[in-house]
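Chain by chain, the residues:
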Amino acid sequence: MNNIPINIKSLHINANKALKEKNYAQGKILLQKILLINPNIFEVNFNLAMLNLQLNDVDSSIKYFERAKKINPDASRVYFNLGLAYEKKKEINLAITNYEKVIELDPNNSSAFYNLGSLYKDIYEMKKAEYNLKKSLDLKPDFTYAFINLFDLYDRSNNLEKYNELLEKAKKLLNEKELIIFYSGVHEYKKKNYKSAIEILENLNLNEKYLIQNIAKYGILAKSYDHIKNFDKAFNFFKTNNDLVKDHNGKNINENHFISYVNQRIEFFKNFKISNWKNYSKNEFRDPIFLIGFPRSGTTLLDTVLRTNIFVDVIEEKPILKNFLIKLEKKTKNDFNNLNTLNEEFIDQMQNFYFQEQKKYQKNKSSKIVIDKLPLNIIHIGEILRFFPNAKFVFALRHPYDSVLSCFMQQFILNPAMKNFLSIESSAFLYNLVMKLWTIYKEKFSINFNIIKYEDVVTNFEKTTKEVFEYLGLEWTDQTKDFYLTAKNRIDISTPSYNQVTSPIYLKSMSRWKNYESHFKNSKEYLDKWVYQFNYKL
């Protein structure tokens, strides 16, 4: 290095050589040396930004992209890669702004339209997503991933007519024969032609680059066999689906972390005395309302039913309480005993913080009742009551066996909690822990809660929903019966229950576990006691 002349040209030559040889650290040092001599060289700033982005130093990449942008404000590639950088930072609005700038500078940039459409799909802005993805295809008619995202959009919104039109277009324009066969199979499934879906998908071998579609293939086969009552094959395909998810998405996720997380609360609260907590004056806000339960117990159905009242806003599975708990754990240093010593000022701060977080996700700012829906918030009842002793809880309950089976059958985005649902045994084990903690909370606290059973909603809809409306101080109307019409107008349902809640009530999901009873033999010890505790039957 000491022998290299300190001039821009030689530094640039050596920098490019280092980068070509994948000596990124050396290349980075040389590019930075150039900027010490002349900070206003566009290509050097741009290359440093790209290098940092490749090395996942996103903040540094943004810094150099911004410098490059000042030097050449009309360079569309800067805005495009800034969009990528902001996507990595999860700063979606800034990513969107930069992609829109690309399109302003380069209206024929198919990739910018694609990225913009994909982002809008992720945030459930479906009309904008459709417009941009279709525009991407107009500019590049054989753009495979634009097709994939549009298929997903039409699948999610149950728009079979547009799905079919897209499928016919793909058959003419795409060379990806296997992919077209896959989406043909999905289309048959959506049309409830289950035998046809099986015939199309069962012997389909997808290219390894289509891993997501391959996993989905097994899920569709499983559900199709379930519909035609071949439960042995259905179970095997559900298991294959989950095994693939575990292998490809779950390698760095430890499901035992969540088990430990629940056990920590069980150990603390089983010996807890409410007298340890000093009560302070009532907060100035309405008491928060939480929709809780074990996953796949009907919370999305209840969410949709409650939304039929114009004064209700249900915030669906957002990290409101998660952000609240992160702030709390910094104060308590993850020691539950420190909940005893919180002073009034901190409790006021935390109450304010919760409602500030809630407002971030409120769509209807004038709603009289806001419900925080995230089923597994059930494990945080202790922390919630420390700050909101009069909080209300709508507890969605379903037959334990059906709830566990449904978790096994659904494909969740994996995290330490959801990874437990990849087998019936681990799901049942978690069910037992969660309900054990719920029982402890009931013994230790005076909880303001209302239990609503999924089976009661299905078999006696009007009576059951009127009870929960009354509990929340809401007016029940005949419009409530048409809850599924409300759901059809929403494409932002972010749970696996979209297809169920956009249809009228049906009985198929009750006692479904009996079709798979032989697979519960290792789970009876965890579930049977709750069957009796919650007045169900085996």
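Draft legend 1. Quick peek at the overall build of the protein chain. Per the secondary structure count, the protein chain includes 26 helices and 5 strands. Over its C-alpha atoms the protein chain spans a radius of gyration of 27 Å, differing by no more than 12% from the 24 Å that the globule rule assigns to 538 residues. Over its C-alpha atoms, taken along the principal directions, the protein chain stretches across nearly 80 × 65 × 45 Å. Looking at the protein chain as a whole, 52% of its 538 residues qualify as buried. Across the protein chain, contacts joining residues at least 24 apart in sequence account for 69% of those joining residues at least 6 apart. The average position of the 79 basic charges and that of the 62 acidic charges among the side chains of the protein chain differ by 2 Å.

Draft legend 2. Expanded view of the pattern of salt bridges. Taken as a whole and assessed by the stated rule, the structure comprises 27 salt bridges. Notably, a salt bridge pairs Glu188 with Lys191, separated by 3.1 Å at the nearest N-O pair. Residues Lys270 and Glu267 are paired through a salt bridge, measuring 3.1 Å at the closest nitrogen-oxygen approach. The exposure class assigned to Lys270 is partly exposed, which follows from its relative accessible area of 39%. With a relative accessible area of 46%, Glu267 lands in the partly exposed category.

Draft legend 3. How the structure looks around the pairing of strand 4 (residues 392-397). Of all 6 residues in strand 4, 5 are buried; the element is thus mostly enclosed. Note: strand 1 (residues 289-293) against strand 4, 5 bridges, orientation parallel. Each residue of the ladder has a partner; that of Ile289, found in strand 4, is Lys392. Of the pairings in the sheet, the one linking strand 4 to strand 5 (residues 448-453) comprises 6 bridges and is parallel in character. Considered in strand 5, the bridge of Phe395 is made with Ile451.

Draft legend 4. Region of interest: the side chain of Ser184. Note on placement: Ser184 falls in helix 11 (residues 177-190). For Ser184, the contacting residues outside a window of four places in its chain are Leu167, Lys171 and Ile200.

Draft legend 5. Inspection of the confidence of the model for the protein chain at higher detail. Taken residue by residue, the protein chain gives an average pLDDT of 91. The fraction at 70 or more is 94%. Considering only residues more than four positions removed or in separate chains, one finds that residues 1-5, a stretch of pLDDT under 50, has 6 contacts.

Draft legend 6. Summary view of the side chain of Thr464. Its place among the elements puts Thr464 in helix 23 (residues 461-471). Classification of Thr464 by relative accessible area gives buried; the value is 8%. There is a polar contact of 3.1 Å between the side chain of Thr464 and the backbone oxygen of Asp456. Within the structure, the side chain of Thr464 is placed 2.8 Å from the backbone oxygen of Asn460, a separation counted as a polar contact. Discounting residues that sit within four places of it in the chain, Thr464 has contacts with Ile452, Asp456 and Val457.

Draft legend 7. The packing of aromatic side chains, seen in detail. In this structure the tally under the stated criterion is 46 aromatic pairs. A centroid spacing of 5.9 Å and a plane angle of 55 degrees characterise the contact between Phe269 and Phe336, whose relative ring orientation is tilted. Here Phe269 is found in helix 15 (residues 256-269), whereas its partner Phe336 is found in the loop between helix 17 (320-332) and helix 18 (344-361), with 67 residues between them in sequence. For the pair shown, Phe269 and Phe336 are each scored as buried. On the basis of an interplanar angle of 55 degrees and a centroid distance of 4.6 Å, the ring pair of Phe395 and Trp438 is categorised as tilted. Of this pair, Phe395 sits in strand 4 while Trp438 is found in helix 21 (residues 424-444), placing the two residues 43 residues apart along the sequence. Note on accessibility: Phe395 and Trp438 belong to one class, buried. Put simply, the rings of Phe290, Phe324, Phe346, Tyr354, Phe355, Phe387, Phe388 and Phe393 pair up and form one aromatic cluster. Between the NZ or CZ atom of Lys368 and the centre of the ring of Phe311, over which it lies, the distance is 4.4 Å.

Draft legend 8. The environment of Lys101, seen in detail. Along the chain, Lys101 falls in helix 6 (residues 92-105). Among the residues examined, Lys101 registers a relative accessible area of 25% and is labelled partly exposed. Residues Lys101 and Val78, 23 residues apart in the sequence, show an inter-C-alpha distance of 9.9 Å.

Thresholds, definitions, all that
- Every chain begins its residue count from 1, and numbering advances along the sequence as written.
- For a predicted model such as this one, the threshold for reporting local features is a pLDDT of at least 70, and the threshold for listing and counting side-chain atom pairs is 80 or more; totals across whole chains, interfaces and linings nevertheless cover every residue.
- Side-chain figures throughout are based on the complete set of non-hydrogen atoms in the structure, without hydrogens or water.
- Helix and strand assignments follow DSSP, with helices taken as H or I runs no shorter than four residues and strands as E runs no shorter than two, numbered in order from the N terminus.
- For the radius of gyration, the atoms used are the C-alpha atoms, and the globule rule reads 2.2 Å times the number of residues raised to 0.38.
- Exposure classes here rest on a 1.4 Å probe applied to the protein chains alone. A residue is buried below 20% of its type maximum, exposed above 50%, and partly exposed in between.
- Every residue pair with non-hydrogen atoms within 4.5 Å of one another is taken to be in contact.
- In this tally, Lys and Arg are treated as positive and Asp and Glu as negative; His is ignored, and so are the chain termini.
- All charge positions are set by atom: Lys at NZ, Arg at CZ, Asp at CG, Glu at CD.
- Throughout this description, the term salt bridge denotes a Lys or Arg side-chain nitrogen within 4 Å of a carboxyl oxygen of Asp or Glu.
- Should DSSP find at least two bridges between two strands, the strands are taken to pair.
- Each residue carries a pLDDT value, the predictor's own confidence for that position, ranging from 0 to 100.
- Here a polar contact means two N or O atoms within 3.5 Å. Within protein one must be a hydrogen donor candidate and the other an acceptor candidate, and residues neighboring in sequence count only if both atoms are side-chain atoms.
- We call Phe, Tyr and Trp rings a pair once their centres come within 6.5 Å, taking the six-membered ring for Trp, and we label the pair stacked below 30 degrees between planes, edge-to-face above 60, and tilted otherwise.
- Should the NZ of a Lys or the CZ of an Arg lie within 6 Å of a ring centre and within 35 degrees of the ring normal, that charge is described as sitting over the ring.

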